[in-house]
Amino acid sequence: MTVAMHMSDGLVNAPTSLAFGLLAVLVLAVAVSRARADLDDRTAPMAGLVTAFVFAVQMINFPILPGASGHLLGGALVAILVGPWVGSLCIAIVLVVQSILFADGGLTALGLNVTNMAIVGVFTGYLVARSLRGLARRSRGGLVAVAFVAAFANTVVAALAFVVEYAVGGAGGAGLATVFALMVGLHALIGIGEGLITAATVGAVAGTRPDLIYLLRQPARVTGSAA
Amino acid sequence: MSAPARFYVGFLVVALLVAGGLSYFASSAPDGLDTVALNGCQTVQAAGGEELTGECIARNATDHATAGSPLADYSLFGGDGTVGAAGIIGVLVTLVVAGGLFWLLRRRGART
């Protein structure tokens, strides 16, 4: 095996890969139109930098068990810093660059990887962070705690999305119960690392430029259209 | 340098240091998904390289379509010790693609 961090080609059959590819394209098209409202002269450069930062940190596999490692997915991180629509585009761009240039993550599995990390992971992180934003706005400690929890959730739920895809169209010979138990167990451990990295990064941004944090710009109570 | 520019430059420098330096210390063990995908299989040496035997998710995994890319597997032309350079290129490419897209998509003119 070579260095690979995301789903390769051939783990899930072609019709399932195609279906999730179409789903990914549809959601990303919505994200492009919704992202405009969150991008201006100040936040657009921030979003570009956040994307480059996620690419860099995804390279850093950290050990979780003997013979197994994990790496940042980045869903909660981008959702908190730049919002869910821009954030889903950030992760999708990272996955496309990794797949095309770095042979990491199969081309036919791109729709599956985008679904798991750029859509499910980002929106899970966002929904958790948004539901806790009262705590996040109270203090920097509160924000860091919310970032940890949201990141832990985004890791485990993204892993569950893979289990669903494998249940629908898995091409290999492993039993579903085993896959479920292993994916959730390992990603609960990875989620701790994801939580620590996300909390440290969000905390560092909050210490210098809290105005650039999307979650802190959201109104304390929901008024009008949800974003 | 203005304060906003300092923050952006600092953010980029951190990303470059992570991809260009910290990447040498990354674990080479398979990640969570790969660990699960390989569970139940053994890797055996065959005539055409390594092959998987047994019952596992990755049994039918195929070689990557862009395995011939000069940056494949986070290296420069497969060279040892080039992960840092590959990482720096990746950060800059990602920044240009994402920054370009977001700059084009942004709202222009007076803010309402």
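Residues numbered from 1 in each chain as written. Chains lettered and ligands numbered in written order. Predicted model: local features only at pLDDT ≥ 70, side-chain atom pairs only at ≥ 80, totals over all residues.

Counting its regular elements, chain A contains 9 helices and 2 strands. The helix and strand sequence of chain A, counted from the amino end, reads α-α-β-β-α-α-α-α-α-α-α. The C-alpha atoms of chain A give 17 Å as radius of gyration, which agrees with the globular expectation for 227 residues (17 Å, within 12%). Its C-alpha atoms give chain A principal-axis dimensions of about 50 × 40 × 30 Å. (Helix = DSSP H or I, 4+ residues; strand = E, 2+ residues; numbered from the N terminus. Rg over C-alpha atoms; globule rule 2.2 N^0.38 Å.)

Moving on, we come to the pairing of strand E1 (residues 62–65) of chain A. Residue and element names in this part refer to chain A. In terms of strand pairing, E1 meets strand E2 (residues 68–70) through 3 bridges, oriented antiparallel. Bridging from a neighbouring strand, leucine 65 pairs with alanine 68 of E2. Between E1 and E2, which follow one another and run antiparallel, lie 2 residues, and glycine 67 among them has a positive phi close to 85°. (Pairing = 2+ DSSP bridges.)

This paragraph deals with the packing of helix H1 (residues 14–35) of chain A against helix H4 (residues 84–102) of chain A. Residues and elements named next belong to chain A. Their axes nearest at 8 Å, the elements H1 and H4 cross at an angle of 130°. The orientation of H1 relative to H4 falls into the category oblique. Of the two possible hands of crossing, H1 and H4 adopt the one that is left-handed. Along the contact surface, H1 presents Leu28, Ala31, Val32, Arg34 and Ala35, while H4 presents Trp85, Val86, Ser88, Leu89 and Ala92. Across the contact of H1 with H4, the residue classes break down as 8 nonpolar, 1 polar and 1 charged. (Axes fitted to C-alpha atoms, helices over the stretch in contact; angles between N-to-C directions. Parallel < 35°, antiparallel > 145°, perpendicular 65-115°, else oblique. Left-handed = near helix turned anticlockwise from the far one by under 90°. Contact = placed C-beta atoms within 7 Å. Nonpolar A, V, L, I, M, F, W, Y, C, P; charged D, E, K, R; others polar.)

Our focus in this paragraph is the domain arrangement of chain B. Under the domain assignment, chain B is made up of domain 1 (1–27 + 69–112) and domain 2 (31–61). Taken over C-alpha atoms, the centre of domain 1 of chain B sits 32 Å from the centre of domain 2 of chain B. (Domains from an automatic or database assignment.)

With that settled, consider the nonpolar core. Of all hydrophobic cores here, the largest spans 113 residues; its most connected members are A:Val54, A:Ile80 and A:Cys90. Residue contributions to this core peak at 15 residues, all from helix H7 (residues 140–169) of chain A. Domain assignment of the residues forming this core places at least three in each of domain 1 (1–27 + 69–112) and domain 2 (31–61) of chain B. Other than its neighbours up to four places away in sequence, A:Ile80 contacts A:Ala129, A:Ala147, A:Ala150, A:Val202, A:Ile213, A:Tyr214 and A:Leu215. (Core = buried A, V, L, I, M, F, W, Y, C linked by C-beta atoms within 7 Å. Buried ≥ 20, exposed ≤ 12 C-beta atoms within 10 Å, placed from the backbone.)

A separate point is the environment of B:Ser27. Within the element layout of this structure, B:Ser27 appears in the loop between helix H1 (3–20) and helix H2 (32–38). Beyond its immediate chain neighbours, meaning those up to four positions away, B:Ser27 contacts A:Asn61, A:Phe62, A:Pro63 and A:Ser69.

Moving on to the pairing of strand E2 (residues 49–54) of chain B. Residues and elements named next belong to chain B. Relative to E2, strand E1 (residues 41–46) runs antiparallel, the two being bridged by 6 bridges. By the bridge assignment for E2, glutamine 45 is matched with glutamate 50. With antiparallel pairing between neighbouring strands as the criterion, E1 and E2 make up a hairpin whose turn holds 2 residues.

Attention now goes to helix H3 (residues 75–82) of chain A. All names here are of chain A. Here H3 lies mainly inside the structure; 8 of its 8 residues are buried. When H3 is considered as a whole, its buried residues turn out to be Gly75, Ala76, Leu77, Val78, Ala79, Ile80, Leu81 and Val82. Check the buried side of H3 and you find it contacts helix H2 (43–58), H4, helix H5 (110–131), H7, helix H8 (176–208) and helix H9 (214–217). Just beyond H3, the residue with positive phi is glycine 83, at close to 90°.

Looking now at H5(A). All names here are of chain A. Between its first and last C-alpha, H5 extends 30 Å over 22 residues, near the 32 Å set by a 1.5 Å rise per residue. Along H5, the sharpest change in direction is near 30° and occurs at valine 120. Within H5, 20 of the 22 residues are buried, which leaves it mostly tucked inside the rest of the structure. (Expected span 1.5 Å × (residues − 1). Bend = angle between axes of the 7 residues up to and from the residue.)

Once that is clear, we can look at unusual backbone geometry. The phi angle at A:Ala103 is positive, at roughly 55°, despite the residue not being glycine. Examined against the element boundaries, A:Ala103 turns out to sit in the loop between H4 and H5. Although it is not a glycine, B:Phe77 sits at a positive phi angle of roughly 55°. Look at B:Phe77 and you get exposed, because 10 C-beta atoms sit within 10 Å.

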